[in-house]
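Summary of structural features
Chain by chain, the residues:
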Amino acid sequence: EQALKLFEQILKTHMKMHGESHPLVGSTWHNIGIVHARSGRSDLAFPAFRNAVQITKESVDANHPSVSTSLVQIGFLHLIEKNYEDAVLVFSQALEIRIRSFGVYHPLVAKIH
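This one's a predicted model, so the numbers in the text were calculated from it and none came from an experiment.

1. Things to note about the side chain of Thr56
If you trace the backbone, Thr56 turns up in helix 3 (residues 42-59). Given a relative accessible area of 7%, Thr56 falls into the buried group. Apart from residues no more than four positions distant in its own chain, Thr56 is found in contact with Gly26, Asp61, His64, Ser66 and Val67.

Put into structure tokens, the structure is as follows:
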């Protein structure tokens, strides 16, 4: 809970300094998603990771590797909840981004493929 409070404060600070659509805001949402996921709160982790994906797409690029990182986390949440079709779909999106970003033979591509 202490980590969550810290990240929420960081989020407020980044939003105040940079606005709602900034890479640091997206990164902080991702970190909040990690805290929720590790606490078993997928109901809160899903929207945090979705915020991270959306903000990173808007502020950096839809094909940025950070987008794939958050998508992978969403995929794992789907696996935990036994939503296998959704997991495959999200992992496929993450894989496409990583292949475009790094090439077929990069270790980060192999982790998904």
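2. Brief notes about the layout of surface pockets
Estimates place the volume of the largest pocket at around 210 Å³. Looking at the largest pocket, it is lined by 14 residues, and the ones nearest its centre are Val53, Lys57, Leu71, Val90 and Gln93. When residues of the lining of the largest pocket are traced back to their parent elements, those giving at least two are helix 3, helix 4 (65-80) and helix 5 (84-102). Sort the elements by how many residues they give to the lining of the largest pocket and helix 5 lands first, with seven residues. Counted by class, the lining of the largest pocket contains six nonpolar, three polar and five charged residues.

3. Remarks on the packing of helix 2 (residues 23-38) against helix 4
Axis angle and axis distance: for two packed helices, these are the angle between their axes and the distance between the axes, and together they describe the pair. Two numbers describe how helix 2 lies on helix 4: the axes approach to 11 Å, and their chain directions differ by 20°. Between helix 2 and helix 4, the angle falls in the class roughly parallel. In the crossing of helix 2 with helix 4, the sense of the turn from one axis to the other is left-handed. Touching His30, Ile34 and Ala37 of helix 2 are Thr69, Ser70, Gln73 and Leu77, all from helix 4. Each residue belonging to the contact of helix 2 with helix 4 can be placed in one class, and the counts come to three nonpolar, four polar and no charged.

Reading guide: rules and limits
Residues numbered from 1 in each chain as written. Predicted model: local features only at pLDDT ≥ 70, side-chain atom pairs only at ≥ 80, totals over all residues. Heavy atoms only, no water. Helix = DSSP H or I, 4+ residues; strand = E, 2+ residues; numbered from the N terminus. Buried < 20%, exposed > 50% of the residue type's maximum accessible area, 1.4 Å probe, protein only. Contact = heavy atoms within 4.5 Å. 1 Å grid on protein atoms, 1.4 Å probe; cavity = no way out; pocket = protein on both sides within 12 Å on 5 of 7 lines; lining within 4 Å. Points joined across faces, edges and corners; volume = space filled by probe spheres on them. Nonpolar A, V, L, I, M, F, W, Y, C, P; charged D, E, K, R; others polar. Axes fitted to C-alpha atoms, helices over the stretch in contact; angles between N-to-C directions. Parallel < 35°, antiparallel > 145°, perpendicular 65-115°, else oblique. Left-handed = near helix turned anticlockwise from the far one by under 90°.

Interpretation in functional terms is not warranted from these geometric data alone.
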